[in-house]
Amino acid sequence: VQLQASGGGLVQAGESLRLSCAVSGMPYNGGNMGWFRQAPGEEREFVAAIRWSGGHTVYGDSVKGRFTISRDNAKTTVYLQMNSLKPEDTAVYYCAAAPRGIYSSLGVHSSYNHWGQGTLVTVSS
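The text that follows walks through the structure, step by step, so that each part is easy to find.

1. Concerning the pairing of strand E1 (residues 2-6)
And then number 1: Side chains Leu3 and Ala5 of E1 all project onto a buried face; the interleaved residues Gln2, Gln4 and Ser6 project onto a face where none is buried.
And then number 2: For E1 and strand E3 (residues 17-24), the ladder comprises 5 bridges, and the chain directions are antiparallel. Bridge pairing in E3 places Ser6 opposite Ser20.

2. With respect to the environment of Val58
And then number 1: Of note, Val58 is situated in strand E6 (residues 57-59).
And then number 2: Considered as a pair, Val58 and Ile69 are 11 residues apart in the sequence and their alpha carbons are 8.5 Å apart.
And then number 3: Not counting the four nearest positions on each side in its chain, Val58 is found in contact with Phe46, Val47, Ala48, Ala49 and Leu106.

3. Notes on the nonpolar core
And then number 1: One finds Met33, Trp35, Val78, Leu80, Met82 and Tyr93 to be the most contacted residues of the largest nonpolar core, which totals 27 residues.
And then number 2: Core analysis: the second largest hydrophobic core is formed by 7 residues, Phe46, Ala49, Ala98 and Tyr112 among them.

4. Describing the pattern of salt bridges
And then number 1: Taken as a whole and judged by the stated rule, the model has 4 salt bridges.
And then number 2: A salt bridge links Asp61 to Lys64; its shortest N-O distance comes to 3.2 Å.
And then number 3: For Asp61, a relative accessible area of 65% corresponds to the exposed category.
And then number 4: Linking Asp89 and Arg66 is a salt bridge whose minimum nitrogen-to-oxygen distance equals 2.8 Å. Taken together, the residues span a long stretch of sequence, with Asp89 in the loop between strand E8 (77-82) and strand E9 (91-98) and Arg66 in the loop between E6 and strand E7 (67-71) at a distance of 23 residues.
And then number 5: Accessibility expressed as a relative area gives 1% for Asp89, which makes it buried.

Conventions we followed
- Residues numbered from 1 in each chain as written.
- Predicted model: local features only at pLDDT ≥ 70, side-chain atom pairs only at ≥ 80, totals over all residues.
- Heavy atoms only, no water.
- Buried < 20%, exposed > 50% of the residue type's maximum accessible area, 1.4 Å probe, protein only.
- Helix = DSSP H or I, 4+ residues; strand = E, 2+ residues; numbered from the N terminus.
- Pairing = 2+ DSSP bridges.
- Contact = heavy atoms within 4.5 Å.
- Core = buried A, V, L, I, M, F, W, Y, C linked by side-chain atoms within 4.5 Å.
- Salt bridge = Lys/Arg side-chain N within 4 Å of Asp/Glu carboxyl O.

Function cannot be read off these values alone, since they describe shape.
Structure (structure tokens):
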């Protein structure tokens, strides 16, 4: 599995940004895709995940109601739409894949064994 994240940048608080992750090598009918983030000096945090086949989604508590994860119908790209951004959303965002992931492991960091290179999101106040 290969992942290429893009779309990061500098925005002001309250604005929106959409991240993209180009995906190749993922099984068409299985596994999980997720977004995680890591702020300076902090541990990597779960943001959102989606079942690659059925499209079920889960979110971290800090982003519920503001962020939306989705994928295109061709299953080549996963997106993270981020609205109402806050300064505390500032972090490097990583997309991740778990080709053998199951429903119950959607938000489990250790279940993801393929990672993209990360894209920096900076939210100014």
